[in-house]
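Overview (structure and organization)
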Amino acid sequence: MNIVSTTPGGFHETDAVIIGAGPVGLFQVFELGLLEIKAHVIDSLNAVGGQCVELYPDKPIYDIPAIPSCTGQELTDGLLKQIEPFGATFHLGQEVTLVQKREDGRFDVETTLGTKFITKTIFIAAGVGSFQPRTMKVDGLDKFDGSQVFYRVKNPAQFDGKNLVICGGGDSALDWALNFVGKAESVVLLHRREDFRAAPASVAKMKQLCEDYEMQLIIGQVSGIEEKDGQLSELRVTGADGVTRRVPLDMLLVFYGLSPKLGPIAEWGLDIERKQLKVVNTEKFETNVPGIFAVGDINTYPGKKKLILSGFHEAALAAFGAAPYIFPDKKIHMQYTTTSPKLHKVLGVESPVFD
Ligand SMILES: Cc1cc2nc3c(=O)[nH]c(=O)nc-3n(C[C@H](O)[C@H](O)[C@H](O)COP(=O)(O)OP(=O)(O)OC[C@H]3O[C@@H](n4cnc5c(N)ncnc54)[C@H](O)[C@@H]3O)c2cc1C
């Protein structure tokens, strides 16, 4: 069973930490699991699936072997199902900020929520970096971050009874706008153009609510802000007609999508080439720091192709490469999942009878 940790700030001593819960990080759990290595998986996002879920959950992928077509979400769901026997623990909504070698050869790992790990091996499956919300660039706005300006909704109840302006034209902006109608004092959706990226059904619902005077849609862009008694009190919004209007508010929610940042990974003493981690060989996909492996889109080596199937292959070899750090006295043999009773045991399946 996959376990989602609900206690950030805890301490875990483990054999393997996987940084990144994209498709490759998830499959790394599987490959480690076959070698009886249990993993903790950390992702800065609140959901697993990496780019597949964040950028194209409902778009079909056609080049996963033996799956003629599946969406990004379906691939993720399938991987979660496949790794269930291995009982990985997921720590979501927290970015790994610190990776440091200890004197005993293991590593200290820490996240933004204060969760700490001591681990024998690390698998960096961080893709294009950790996704961070794109911020609104308006003079003086950043000092209201977290008090009146929000890029994520962690506690929806704090917006009840407030005058809200919600910016963006994608699913997050529309979903939250629809969610807050009836709960907030007022809801204004602000988008820079008439076209929306959000699901057509949500757009239709929003337009109906505007017609019913339950909420308001403004097409325009924030060009400035007004403060009163140290509080953000109004936005100046310039419309397509070039006219600037004042929009009073209590709170601003901005959903401009997410952009990936290599972020803290650059500070862990690993060899980096054009924002990717160099692996020292393609037998193990180990980085220049022994015990730290890099798999999936985050790594680079001659001939690298940023494809999911390449990441899966890398995860298999990295798991074998890591095993000697965890079981120094054990000889590791490759076995087939079809025929190996040992693998059937770890997978929790019955061994078939071959004639
Ligand atoms: C529109 C689009 C279509 C695509 N179509 C295909 C296709 O058809 N076939 C194909 O093979 N590939 C396709 N790809 C590429 C494919 O999605 C990537 O190759 C794949 O997602 C890489 O997986 P990954 O696990 O390495 O990284 P990612 O999917 O990027 O996941 C990395 C995860 O690591 C997390 N992370 C990063 N840094 C940290 C940190 N410090 N702490 C905590 N978490 C962190 C991120 O939040 C993210 O969730 C497509 C990509 C896009 C954008």
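Residues numbered from 1 in each chain as written. Predicted model: local features only at pLDDT ≥ 70, side-chain atom pairs only at ≥ 80, totals over all residues. Heavy atoms only, no water.

Per an unreviewed UniProt entry, the protein carries the name Ferredoxin--NADP reductase and comes from Pseudoduganella lurida. Check the Subunit (unreviewed entry) section of the UniProt entry for the protein; it says "Homodimer." Under the UniProt heading Sequence similarities (unreviewed entry), the note attached to the protein is "Belongs to the ferredoxin--NADP reductase type 2 family." (UniProt positions renumbered as here; feature names shortened; annotations may be inferred.)

When its secondary structure is counted, the protein shows seven helices and 22 strands. In terms of its C-alpha atoms, the protein occupies a principal-axis envelope of roughly 75 × 50 × 40 Å. Within the protein, the fraction of its 355 residues that count as buried is 49%. Pairs at least 24 apart in sequence give 59% of the contacts found in the protein among residues at least 6 apart. Total accessible area computed for the protein in this model is approximately 18100 Å², and 51% of it derives from carbon and sulfur atoms. Distance from the positive charge centre (36 side chains) to the negative charge centre (44 side chains) of the protein: 3 Å. (Helix = DSSP H or I, 4+ residues; strand = E, 2+ residues; numbered from the N terminus. Buried < 20%, exposed > 50% of the residue type's maximum accessible area, 1.4 Å probe, protein only. Contact = heavy atoms within 4.5 Å. Areas by Shrake-Rupley, 256 points an atom, 1.4 Å probe, with all protein chains shown as cover. Lys, Arg positive; Asp, Glu negative; His and termini not counted. Charge placed at Lys NZ, Arg CZ, Asp CG, Glu CD.)

Before going further, it helps to examine the sheet that holds strand β19 (residues 272-273). Taken in spatial order, the three strands make up an open sheet running β19-β20-β22, and their pairing is mixed. Bordering the open sheet on either side are β19 and β22 (299-300), each of which pairs with just one other strand. Judged from the two bridges that link them, strand β20 (residues 276-278) and β22 form a sheet pairing that is parallel. Residue pairing across strands places L277 opposite N299, the latter belonging to β22. (Pairing = 2+ DSSP bridges.)

Moving on: the layout of surface pockets. There is about 990 Å³ of room inside the largest pocket. Among the elements that line the lining of the largest pocket, the one with the most residues is helix α4 (residues 171-180), at four residues. Each residue belonging to the lining of the largest pocket can be placed in one class, and the counts come to 14 nonpolar, five polar and eight charged. When residues of the lining of the largest pocket are sorted by domain, at least three fall in each of domain 1 (4-131 + 259-347) and domain 2 (135-254). Contributing to the lining of the second largest pocket are 39 residues, with G22, A125, A126, G127 and V128 lying nearest its centre. Of all elements in the fold, only α1 (23-34), β3 (39-43), α2 (50-54), β10 (130-133) and α6 (308-326) reach the threshold of two or more residues within the lining of the second largest pocket. Grouping the constituent residues of the lining of the second largest pocket by class yields 22 nonpolar, 11 polar and six charged. (1 Å grid on protein atoms, 1.4 Å probe; cavity = no way out; pocket = protein on both sides within 12 Å on 5 of 7 lines; lining within 4 Å. Points joined across faces, edges and corners; volume = space filled by probe spheres on them. Nonpolar A, V, L, I, M, F, W, Y, C, P; charged D, E, K, R; others polar. Domains from an automatic or database assignment.)

Here we have seven strands laid out as an open sheet, ordered β11-β17-β12-β13-β14-β15-β16, and mixed in their pairing. Two strands in the sheet have a free side with no partner beyond their single neighbour: β11 (149-150) and β16 (244-248). As defined by bridge partners, strand β13 (residues 186-191) adjoins strand β14 (residues 216-228) across four bridges and the pair is classed as parallel. The partner of V188 across the bridge, within β14, is Q216. Against the sheet, α4 touches β12 (163-167), β13 and β17 (251-254), its axis set at about 160 degrees to β12. (Axes fitted to C-alpha atoms, helices over the stretch in contact; angles between N-to-C directions.)

With that settled, the discussion passes to the domain arrangement of the protein. Domain assignment breaks the protein into domain 1 (4-131 + 259-347) and domain 2 (135-254). Relative placement of domain 1 and domain 2: their C-alpha centres are 37 Å apart.

For the rest of this paragraph, the subject is the site of the ligand. The full set close to the ligand counts 32 residues, and D43, Q51, Y56, D63 and D297 are the nearest of them. D63 has a polar side-chain atom sitting 2.8 Å from a nitrogen atom of the ligand. Compared with its free state, where it exposes 1000 Å², the ligand has 85% of that area covered by protein. Here the ligand is seated within the second largest pocket. If you list the elements that add at least two residues to the shell around the ligand, you get α1, β3, α2 and β10. For the shell around the ligand, the leading source of residues is α1, giving three residues. (Near = heavy atom within 4 Å. Polar contact = N/O pair within 3.5 Å; in protein donor to acceptor, adjacent residues only side chain to side chain. Sits in = over half its atoms within 2 Å of the grid points.)

To continue, consider the UniProt feature "binding site: FAD" (unreviewed entry) in the protein. When the UniProt feature table is mapped onto this chain, "binding site: FAD" (unreviewed entry) is found at D43, Q51, Y56, V96, F131, D297 and T338. For the annotated residues, spread through 296 residues, the largest C-alpha to C-alpha distance comes to 37.7 Å, inconsistent with a single compact locus. Lining of the second largest pocket among the annotated residues: D43, Q51, Y56, V96, F131 and D297. Residue position: Q51 is located in helix α2. Taking relative accessible area as the criterion, Q51 reaches 23% and is therefore assigned partly exposed. Those residues in contact with Q51 that sit more than four places away from it in its chain are Y56, V128, F131 and D297. Note on placement: T338 falls in the loop between α6 and α7 (341-347).

With that out of the way, let us pick up the packing of α4 against helix α5 (residues 200-211). One can describe the packing of α4 onto α5 by two numbers: an axis separation of 10 Å at closest approach and a directional angle of 40 degrees. When the axis of α4 is compared with that of α5, the two are oblique. For the pair α4 and α5, the sense of crossing is left-handed. Contacts between α4 and α5 pair L174, D175 and L178 from the former with S202, V203, K205, M206 and L209 from the latter. Residues belonging to the contact of α4 with α5 are distributed by class as follows: five nonpolar, one polar and two charged. (Parallel < 35°, antiparallel > 145°, perpendicular 65-115°, else oblique. Left-handed = near helix turned anticlockwise from the far one by under 90°.)

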